[in-house]
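Chain by chain, the residues run as shown.
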Amino acid sequence: SDEKVSSSLQSRETDSRSERGIRSRYRIHAWDPDDAFQPCHHSGLNALRDPHGLLICAEGDLDKVFKRDHRTYAAYVDALEWTLRKALTAEVLRFVAEVEVFDALRFALVDDATAAGLAELVAANPDARTRRGALADIEGSLLF
């Protein structure tokens, strides 16, 4: 039920709060981004036949549980649906983009030399070769 999923997710929240009172437990996490849209590794040995098309490949321990335990997979689908339909409101997404993502970007893009290393971004937008230009480009694309 929504209440059960909601309370279990809320019990693991962080102390990150905005001035609007939004409490966020979501963080930027790049997991295996180099091949996120590729077919499953090892000739499909760990491929998942996901009826909802949410998962492709069982690489981690939790993924392997999904492959063999339909109840755990059902709980994952319920939690994901609750998160997408109820928890990630426009206000929360705006907060994550404006505060958490921008803070991480400002921390990572320390100077013009760092910005110049963003080859694909600079190729698309030569103004992004400076820290100020890169931040403006990235922040502009995140504010939808």
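Residues numbered from 1 in each chain as written. Predicted model: local features only at pLDDT ≥ 70, side-chain atom pairs only at ≥ 80, totals over all residues. Heavy atoms only, no water.

### Quick notes on the pattern of salt bridges
Right, on to step 1. The full count for this structure, using the stated rule, is four salt bridges.
Right, on to step 2. The partner of Arg106 in a salt bridge is Asp103, with the nearest N and O atoms 3.7 Å apart. Of this pair, Arg106 and Asp103 both sit in helix α5 (residues 90-108), three residues apart, which is roughly one turn of the helix.
Right, on to step 3. Judged by relative accessible area, which is 46%, Asp103 ranks as partly exposed.
Right, on to step 4. Overlapping salt bridges bring together Asp103, Arg106 and Glu139 as one network. (Salt bridge = Lys/Arg side-chain N within 4 Å of Asp/Glu carboxyl O. Helix = DSSP H or I, 4+ residues; strand = E, 2+ residues; numbered from the N terminus. Buried < 20%, exposed > 50% of the residue type's maximum accessible area, 1.4 Å probe, protein only.)

### Some details on helix α4 (residues 70-87)
For an α-helix the count is 3.6 residues per turn, leaving residues at separations of three or four pointing the same way.
Right, on to step 1. Helix length check: α4 (18 residues) gives 24 Å between terminal C-alpha atoms against 26 Å at 1.5 Å per residue, within 8%.
Right, on to step 2. Along α4, the residues classified as buried are Tyr73, Val77, Trp82, Thr83 and Ala87.
Right, on to step 3. A distance of 3.0 Å separates the backbone nitrogen of Arg71 from a side-chain oxygen at the start of α4, and that oxygen is part of Asp69. (Expected span 1.5 Å × (residues − 1). Polar contact = N/O pair within 3.5 Å; in protein donor to acceptor, adjacent residues only side chain to side chain.)

### Quick notes on the nonpolar core
Right, on to step 1. Counting 14 residues, the largest nonpolar core has Val96, Leu105, Leu109, Leu121, Ala128, Ala134 and Ile138 as the members making the most contacts within it.
Right, on to step 2. Of all the secondary-structure elements, those providing two or more residues to this core are α5, α7 (119-124) and α8 (131-142).
Right, on to step 3. With six residues, α5 is the single largest residue contributor to this core.
Right, on to step 4. Discounting residues that sit within four places of it in the chain, Ala128 has contacts with Ala115, Leu121, Val122, Gly133 and Ala134.
Right, on to step 5. Core analysis: the second largest hydrophobic core is formed by six residues, Leu55, Ala58, Phe66 and Val77 among them. (Core = buried A, V, L, I, M, F, W, Y, C linked by side-chain atoms within 4.5 Å. Contact = heavy atoms within 4.5 Å.)

### Brief notes about the packing of α5 against α8
Right, on to step 1. Two numbers describe how α5 lies on α8: the axes approach to 11 Å, and their chain directions differ by 155°. With respect to α8, the axis of α5 lies roughly antiparallel. Of the two elements, α5 crosses α8, and the hand of that crossing is right-handed. Residue-level inspection shows Ala97, Val101, Phe102, Leu105 and Arg106 of α5 in contact with α8, the latter providing Arg131, Leu135, Ile138, Glu139 and Leu142. (Axes fitted to C-alpha atoms, helices over the stretch in contact; angles between N-to-C directions. Parallel < 35°, antiparallel > 145°, perpendicular 65-115°, else oblique. Left-handed = near helix turned anticlockwise from the far one by under 90°.)

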